[in-house]
Structures are given as structure tokens and as C-alpha cells.
Amino acid sequence: MHEPVDVLVVDDDEDDFVLASELLSDITAGEYRVRWVQSYQDAVHALVTTAPDVCLLDYRLEARTGIDLLREVRGLGCDVPIIFLTGQTERELDVEAMHAGADDFLIKGSFTARELERAIRYAIERAATGAAQRRLTEELRLMQVQAQRSSQAKSTFLANMSHEFRTPLNAILGYSDMLIDQARAGEFDDIEDDLNRIRAAGNHLLALVTDILDLSRIEAGRLSLAPERYQLDALLREVVDAIAPLIHRNGNRFVYAPADELGEMVADATRARQILFNLLSNAGKFTRKGVVSLAVTRRQARLSDFNQHAGDQPIEGIECVEFTVADSGIGMTPKQMERLFEPFSQVDDTGGRRFGGSGLGLAISRRLARTMGGELRARSEIGRGSSFRLSLPSDITAAARWRGLTPERQFATGERGQLPIVFVLGPTDGFGRALRDQLADVQLDIVVEADLRRGVKLARALGPTLMAVELNVGAPATLVTLGQLAREPSLQEAGLLVYLVDEPAQFGCLLAADSVVSAPLQALQLQRAVERLSPGTSQPLHLWSNSAGLLQEASEMIRHTGRIAAPTSGTGEGHELHLVHLAAPGASWGLAVGHSPARKDAPAVVLVAPDDPRAVPTTFAAEMRALVEQAGIPRDALVREVGAAVVAKVPRE
């Protein structure tokens, strides 16, 4: 059942309004709800604030004309389709109306109800097409801007990397030529120094390539760790012996201050060494004739050591190994600190570039630290130096206790801390990771799960504050998972966000959903949803659904409350509730209506999802794809929109 078409008649003659209403009532192909305004100002107000589906506009409005009105409302951004319905017959007026933005021009007394219906239908379709075209144009403009930014970042990166690669390559080639000449002349006394320089340049090149490969593995989620048990002081001594000459090269003094008893550590020694090398080499590079220090302590671990938003609750059985690298170098401004851990960003990102480097070291270091269950933080003051604090658990294999990486039975023990849990479930785990990165600085515990089969069980064990569930055009199983989540009694009090994406997850939209219930309907579940969305019994409840069978079933389940309004009573006083059956035809239309700009009397939207794969229709992909094409936005914009919705939905203390 579709809602009636909202028609606004703007005419200062009541007889003409009556005639227009009679013509509309003669149309059998649809239902029309007619409003009437007589004055110019009332028409402007109605078109701008309570936009109808279509407007029938007379040419003469007291001392003003419909052309004036049309130009004014178009200038105010009104895109309502407007049809001139006038007794004026001049062709010049027709052309002027078209240029002012009219969608059609009909002469009173010369058209039938069928012709009026056709004009209205065509005007509405053209307006919808125009809106879709404008949206697509805006998306293309956004994508163009993003592409330009990406191209600029790529160009900057390539320019920097060309410089970085060229320096050691020139050294390798130059010293190789010198060695060839010396060998031909029989001069072998100074060959060792030249060979050492060649080896250093080769190692430099290898480090650059390794950084790029590490980042690509981390981005693709393919970086694996190799935890091992080792003596911490032995690893530190190895790092200090290797890095000290580099620090001394700029006339710096190196201070190493380890605690007396560091003991053993279970971690990926190679990755821990890599992080410390990056931090210490950066400190030495940005410091001239100053002090670089490395301090290492070991103590009882707290949740705040590995999550800056968590409390100071101790983590039983785990100690925190804290490495602090400080320098008295050039320091950083607050603006530089904001993008410190972004790939390819550098403190001296200028044409002069006094310092080398690819801009990957700190980005990789933080991601490696977090992969091992730890955290990397920075503090800096321009002209006063910088300090980096690396916190790692003494045993990274036990990090799952507070990071949420183990089977669901560990979540039920209350060891995750006190942060609100946001559970992101969907096969496009890259979207979930992007969302988690987007909200990295928000006080939330975000768990991403890509395995739909274990998703419901894991959600039940987590008891999340909010669930963000992906509907994927190419994966009907996501629809079934949504229905299974809705069926779980323990999850029905959790907040819910549902976002729709296409197969490659490059475009999608956030669905305007206030609740979700499973199909077949369960009376108690539906009644609780209704009471939550429209509390009280003083006003009638107007139900709408894209499924006639579902509408009848839902009405019977809650009719005893005395709140169901008559199906033909329209949307007058009371609460309006839309039941959008995702496995029935017309779901995309119902979702598109819910996705339209919010109005004061916007209906509550309840999604109805089947919990049985056999109930998913073959038309699901085509219907949802149409919605993505109509309302979808690029992935980066969708991540930001879902992230903002998550922050808005999670209750704050």
C-alpha cells in the first residue's frame, strides 16, 4: 500500500480549486491528498517548509504572478515539481514558465483527469531523476576531490621515495665504480671502507622496501606475528649497540636507563626491535647536539596502558613493559602532532626536506604496537623535543583478555573493562576496520567480526551496547544474520545501526532504522518494539508496510491494545510506524522513504528480517542494489556517516 500523493494547489480562486480537486478525485490510478493555499506568501511557506509531492500553480496570484513565485522558491532551493494550471494560453508564457523551472504547463478546461494524472506522474518522475542526477553529480565531485587528494598524496610520496631511493643507489653505484678503478690499479688498501658504505646503502634500500611491504601487509590484514620468549635486557642491548653510532653521528649524547630487573618477555622480538629502532633513529635524526634517552620499566599492567580511554583497573597476571624514548630535538607543533601517525606524513613535509625518511616509520610502529596488544603515544613541544611511550604487555599471547581477540567464552567473564561495546558484524571486514580506525579516539570498545556464522553467538556473549550490522547486496546471508540477531532476547535492548553496501563495498547508505524484528513475527517482540518507539496509549498508531500479509499479522498482534488506527484513516493525529519487510517486494521503496531528509513527524521505522535462508527472495540483490544506486554515497563518506551515528547512538555517562 502506497501513501497518497501530496498535492498542493496554489490558486486565489476557490472555484478553480474545487475544479482541480474534482479532476484529481476522478483519477483511479492513485490516491491524492489535496492541500490549498490562496496567497503568494502562504504558497512560498508551504513549498519551502512542508514540501508536497507536486504543486499545481495558477498564473495569477493577486498582485503577483506564478512566475514570480516559481523563481523565488527555486532560488530558495525548492525542487518540488511544479505544474502550471492556468487559463492563460500565450505561448510566450509557456516558454517563460519553462525557463523559470516549471515541469509542465496545462491550460484549464482543455485537459482530462487522465492527462492531469499523466502530467503529475511525469513531473514527479522527472523530479526524482533530477534529484538522483544531482546526487550522482555531487558524489562524482566528491570522488574527484578524493582522487585529486589521493593523487597529490601519491605524487608527494613518489617524490619523497625517489629522493630516498636515489641517495643510497648513487652511493652504491659511485663506490662500485671506485672499487672497479682501484681493482684495476691494484689498490686494495681502502676497499673495506668502501664495501662497508655499499653495504650500508644496500641496507638502507632494504629498510625502505621493507617499510612499504609492512604497511601493505598491515592494511590488507595479512601481517602475522611470531611470539617467542626472550630475555628483555639482551634484546635491548642489541638495539642500543646498533643504534648508538647513528645517534652520536649528530653530536648527540645517548642515555640508556633500564630498570634493574626486566626479566623475560613473550612477544615478536623482530617487531619489538623494529619499533624501537624507528623511535630511536627518529630521535637521533631530529636532534642536533642534544640528548636522546631510552628508559625501560616493568610494572603491573593496567587497562589504560593499552587503551587510553579505559580505566586504571589492573590486568591480572600481566605486566606492562614501558619503553620511553625522549629527545631534546626540534619538537612538533600541535598541527604536526595531529597527523604524526598517518602514513607518508613527515615533520618536514616541505620542498626543502632537511630530514630523510619515507614517512612510514611511526605509522607502522603504532600499528605494530596495537597488533601486539600494546599502544604507542607521543608528546611534543616545538623547540623543546619529543617523547614517545611504547607500552607492551609482557605476554602478547594473553592480550585477548582485554583486546577482544579470543573465543567468545572469554567475553562473558567481564574482563573487557567498562567501555561501551560496539559490535560491528559484516562480511566486509575492511569496512569494520575502517570504522574502528575512524573512532580510534572515541571512548568505545569496538569489536569487528567478519564470520557471520559465529556472529550471533559472539554478540550474545559480548552483550554490546550498540550493534552495527552490514546488509550486503551480494550476500543474502547478511539479511538472515540480521533476522537471527533480532530473534535473540538478550540483544533486543541493544542499540542498532544497519548499513547497506554494494558487493565491493565501494558505495552504500545508512538505513533509517529504529528497531529490527524477526520474521515470522513474534507477538511479544513486536509489542515491545511498538511500546519502545511509541510509548503510551493516548494516541492511535498508524501502521504501514510493504507487505499486506505482514501488515495484517502485525495489526492482529497489537490490536488488543486499542491503539491501531483504521487503515484508511491516513496519517492524522497519532504515531506512525513503518514495518519494512526486507524480504518482500517494495522494501527498497520503504527504505528510501525512511532515508529521505528527516521531518518533524518522521515515522518510526522497524526492519523485519527473516531468520531462515529459504525466506530470502531471489529479487533481494536487485532491489537493494537499486537503493544503493539511489541513496548510496562513497565508502569513505559512509564510514564517516556510520561513525557519527555510532557516537550519537551510544549513551554517555
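Read on for a plain summary of the structure. (Residues numbered from 1 in each chain as written. Predicted model: local features only at pLDDT ≥ 70, side-chain atom pairs only at ≥ 80, totals over all residues. Heavy atoms only, no water.)

### So, the sheet that holds strand β14 (residues 385–393)
One open sheet holds the five strands; their spatial order is β9-β11-β12-β14-β13, and the pairing between them is mixed. Across the chains shown, the open sheet's two edge strands, defined by having one partner strand only, are β9 (253–258) and β13 (375–381). Within this sheet the neighbouring strands show an average axis-to-axis angle of 15°, counted without direction. The pairing of β9 with strand β11 (residues 291–302) spans six bridges and is parallel. By the bridge assignment, Y256 is partnered in β11 with L294. Together, β9, β11 and β12 (314–327) form the strand contacts of helix α7 (residues 232–248), whose direction differs from that of β9 by roughly 170°. (Pairing = 2+ DSSP bridges. Helix = DSSP H or I, 4+ residues; strand = E, 2+ residues; numbered from the N terminus. Axes fitted to C-alpha atoms, helices over the stretch in contact; angles between N-to-C directions. Contact = heavy atoms within 4.5 Å.)

### Looking at the pairing of strand β2 (residues 32–37)
Both strand β1 (residues 5–10) and β2 contribute to a ladder of six bridges, which runs parallel. Bridge pairing links V9 to W36 in β2. In the classification by handedness, the crossover that spans β1, the intervening helix α1 (residues 14–25) and the parallel β2 is right-handed. (Right-handed = clockwise from strand over helix to strand, strands pointing away.)

### Focus on the pattern of salt bridges
Using the criterion set out here, one finds 24 salt bridges in the structure. R35 serves as the salt-bridge partner of D6, at 2.9 Å between the closest nitrogen and oxygen. Taken together, the residues span a long stretch of sequence, with D6 in strand β1 and R35 in strand β2 at a distance of 29 residues. We classify D6 as buried; its relative accessible area is 9%. With a relative accessible area of 27%, R35 lands in the partly exposed category. Between R299 and E322 there is a salt bridge whose closest N-O contact spans 3.0 Å. Of the two residues, R299 is situated in strand β11 and E322 in strand β12; the sequence distance between them amounts to 23 residues. Connected via shared salt-bridge partners are R299, R302, D305, E322 and R389. (Salt bridge = Lys/Arg side-chain N within 4 Å of Asp/Glu carboxyl O. Buried < 20%, exposed > 50% of the residue type's maximum accessible area, 1.4 Å probe, protein only.)

### A few points about helix α16 (residues 523–533)
All buried positions along α16 are accounted for by Q525, L526, A529 and V530. One side of α16 carries all its buried residues, which in axial view fall inside an arc of 130°. Contacts made by the buried residues of α16 are with α15 (477–487), β20 (515–519), β21 (541–545), α17 (548–558) and β22 (575–581). (Arc of directions from axis to C-beta.)

### So, the sheet that holds strand β15 (residues 421–425)
Strand order across the open sheet formed by six strands is β16-β15-β17-β18-β19-β24, with mixed pairing between neighbours. Either end of the sheet is taken by a strand with one partner, and the two such strands are β16 (445–449) and β24 (633–634). Inspection of the sheet shows strand β17 (residues 466–472) paired to strand β18 (residues 495–501) by seven bridges, in the parallel sense. Within β18, the position partnered with L466 by the bridge is G495. On the sheet, helix α13 (residues 429–438) packs against β15, β16 and β18 and is oriented at approximately 170° with respect to β16.

### Remarks on the nonpolar core
Where a protein is soluble and globular, its nonpolar side chains tend to be buried together. In terms of nonpolar packing, the biggest core is built from 42 residues, with M467, L482, L500, L511, L582 and L607 touching the most fellow members. Discounting residues that sit within four places of it in the chain, L500 has contacts with L471, V473, F507, G508, C509, L511, M624, L627, V628 and L638. Judged by nonpolar contacts, the second largest core, of 41 residues, contains V240, A283, V325 and L362. (Core = buried A, V, L, I, M, F, W, Y, C linked by side-chain atoms within 4.5 Å.)

### Observations concerning the packing of aromatic side chains
Any two aromatic rings considered together are summarised by their centre-to-centre distance and by the angle between their planes. Considering all chains together, one arrives at three aromatic pairs under this definition. Here F84 and F105 contribute two aromatic rings whose centre-to-centre distance is 6.0 Å and whose plane-to-plane angle is 25°, an arrangement assigned as stacked. Of the two residues, F84 sits in strand β6 (residues 82–86) while F105 sits in strand β7 (residues 104–107), which places them 21 residues apart along the sequence. One exposure class covers both F84 and F105, and it is buried. Relative to Y499, the ring of F431 lies with its centre 4.5 Å away and its plane at 25°, an arrangement referred to as stacked. Residue F431 is located in helix α13, and its partner Y499 is located in strand β18; the two are separated by 68 residues in the primary sequence. Above the plane of the ring of Y40 lies R64, whose end atom (NZ or CZ) is 4.0 Å from the centre. The cationic tip of R118 hangs over the ring face of Y122; the distance from NZ or CZ to the ring centre is 4.3 Å. (Phe/Tyr/Trp six-rings, centres within 6.5 Å; stacked < 30°, edge-to-face > 60°. Lys NZ or Arg CZ within 6 Å of the ring centre and 35° of its normal.)

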